[in-house]
Amino acid sequence: MKPRFGRSFAGLAAAAVLTLLAWADPRIPLEQPVFRYLFVLDITQSMNARDYHFEGLPADRLSFAKAAIRRAIADLPCGSQAGLGLFTTQNVELLFEPLEVCRHAGVIEDVLEHIDWRMAWAADSFIAQGINAALRIVKKRDPVPRLVFLSDGQQTPEDPVRPELQVKPGEVQGLIVGVGDTKPVPVPRLDRENRPLGFWEKADILAPVTTTAYLDASADTTHRRGNDGSLYLSWLHETELKDFANTVGLGYLRLDTPEGLSLALRDPALGELRVVPTGIGWMLALIAWLLVIWPHLVPDLRVRHVPG
């Protein structure tokens, strides 16, 4: 038996009111875990290597890492904060202090969108020094955020001397995130307009480079120690990154999917309980949906069946 008009109309009217309220994004104070992160992203040229193969996601390490950061920040509850810095050579440049992720979502998204490898101010890559620099920056913040350092671990030149750790192990919490695959792949060589020029060769990397002049397509590198034409290969240096993480008291995560990073960063152990304005629009929308379908699922008990 079909529901009576009056019963149906009342449910639809209530559902419409709840839908309007949900659209207004109402918030109430609730206690829940919130998070405060400083993301530091490696923008050295090895991060241009393409070893991700997921439909709808970028293949190069840098863009994949950006997509993962974007997803992770979007999944953080309101009241959480996220800051962003860049790593190249042995330094970290802070782009912005941790911002509340809901109120400043547009700003965070815009900055992430415009990050690319051409923002690097030097060519070499000293991972240990970069992690050390990131730890110093994080320690100076109040309150201290969790560090999320994303890198493939590729060092140029290889095996540099490790610096003395300037923070106590475990004094800063967070994750080192390994980006890329352990299978070696060539590193694309791009000009200042981001146009491909082929791949970097070993002889191009052997000689020390301290400026970004090497980005010029016209730069003559054939004189460097006799270019034998062999490609310079890059891969995820997972063993070294895990070792760095153990040394400084951070966790380690291999970046396989954006969802994996998002889930790891919502671990309650990395957050703190705080009373924050919490959106309840989804609850109101769910109730509205139930009001719409309920009359079609449950018969009106007031309607009596007349015997035939």
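Further up the page is the structure itself.
Sequence order as written defines the numbering, with residues in each chain counted from 1. For this predicted model, a pLDDT threshold of at least 70 governs which residues receive local features, and a threshold of 80 or more governs which side-chain atom pairs are given and counted, while totals over whole chains, interfaces and linings are taken from all residues. Note: side-chain values were computed over all heavy atoms of the structure, leaving out hydrogens and water.

J.: Got a minute to help me understand the overall build of the chain in this structure?
T.: When you go through the chain residue by residue, the secondary structure sums to 8 helices and 12 strands. Buried residues are those whose accessible area, probed at 1.4 Å on protein chains only, stays under 20% of the maximum for their type, while exposed residues exceed 50% and partly exposed ones sit between those limits. Taking all 308 residues of the chain together, the buried fraction comes to 45%. In the chain, once contacts between residues fewer than 6 apart in sequence are set aside, the share between residues at least 24 apart is 79%. When the accessible area of the chain is evaluated, it comes to approximately 16,500 Å², of which 58% is carbon and sulfur surface. Numbering of helices and strands starts at the N terminus; helices are DSSP runs of H or I of at least 4 residues and strands are runs of E of at least 2. Only heavy atoms enter the contact rule, under which two residues are in contact if any of them lie within 4.5 Å. A 1.4 Å probe and the Shrake-Rupley method give the accessible areas. Residues count as covered only by the protein chains that appear here.

J.: Please explain the state of the cysteines as it appears in this structure.
T.: Cysteine sulfur atoms that pair up within 2.5 Å are treated as a disulfide. According to the stated counting rule, one finds 1 disulfide in the structure shown. The disulfide partner of Cys78 is Cys102, and the gap between their sulfur atoms is 1.9 Å. Taking the torsion about the sulfur-sulfur bond, which here is approximately -90°, the covalent link between Cys78 and Cys102 counts as left-handed. Note that Cys78 is positioned in the loop between helix H2 (61–75) and strand S3 (81–88) and Cys102 in the loop between strand S4 (91–100) and helix H3 (105–113), a separation of 24 residues in sequence. Assessed through its relative accessible area of 17%, Cys78 is described here as buried. Its relative accessible area of 33% is what places Cys102 among the partly exposed residues.

J.: Could you clarify how one ought to interpret the sheet that holds strand S2 (residues 36–42) in this entry?
T.: Strand pairing in a sheet relies on backbone hydrogen bonds. The paired strands run either parallel or antiparallel. Here the rule is simple: two strands pair whenever DSSP picks up at least two bridges between them. Read across the sheet, 6 strands follow the order S4-S3-S2-S5-S6-S11 without closing on themselves; strand pairing throughout is mixed. One side of each edge strand has no neighbouring strand; the edge strands of this open sheet are S4 and strand S11 (251–254). Strand-to-strand, the axes of this sheet are offset by a mean angle of 20°, without reference to chain direction. Both strand S6 (residues 174–178) and S11 contribute to a ladder of 4 bridges, which runs parallel. What sits directly across from Val177, in S11, is Leu253. Structural elements are reduced to axes, namely lines fitted to C-alpha atoms, with helices fitted over the stretch in contact, and the angle between N-to-C directions of any two is expressed from 0 to 180 degrees. Where H2 meets the sheet, its contacts fall on S2, S3 and strand S5 (146–151), and the angle it forms with S2 comes to roughly 170°. Along the sheet, helix H4 (residues 127–140) makes contact with S2, S3, S4, S5 and S6, crossing S5 at roughly 155°.

J.: Help me understand the environment of Leu273 in this model?
T.: By the secondary structure assignment, Leu273 is in strand S12 (residues 272–279). Judged by its relative accessible area of 56%, Leu273 is exposed. Taking the C-alpha atoms as reference, Leu273 lies 9.0 Å from Phe35; in sequence the two are 238 residues apart.

J.: How should I be thinking about the side chain of Asp42 in this particular structure?
T.: With respect to the secondary-structure elements, Asp42 resides in strand S2. Residues scored as charged are limited to Lys and Arg (positive) and Asp and Glu (negative), so that His and the chain ends carry no count. Should a side-chain nitrogen of Lys or Arg be within 4 Å of a carboxyl oxygen of Asp or Glu, the pair is scored as a salt bridge. It is Arg61 that comes nearest to the buried, bridge-free Asp42 among opposite-charge side chains, at 8.0 Å. Here Ser151 takes part through its side chain, which lies 2.7 Å from a polar atom of the side chain of Asp42. Contact partners of Asp42, with chain neighbours within four places excluded, come to Met47, Leu62, Phe87, Ile127, Leu150, Ser151 and Asp152. Polar contacts here mean pairs of N or O atoms no more than 3.5 Å apart (in protein, one a potential hydrogen donor and the other a potential acceptor; neighbouring residues in sequence count only if both atoms are side-chain atoms).

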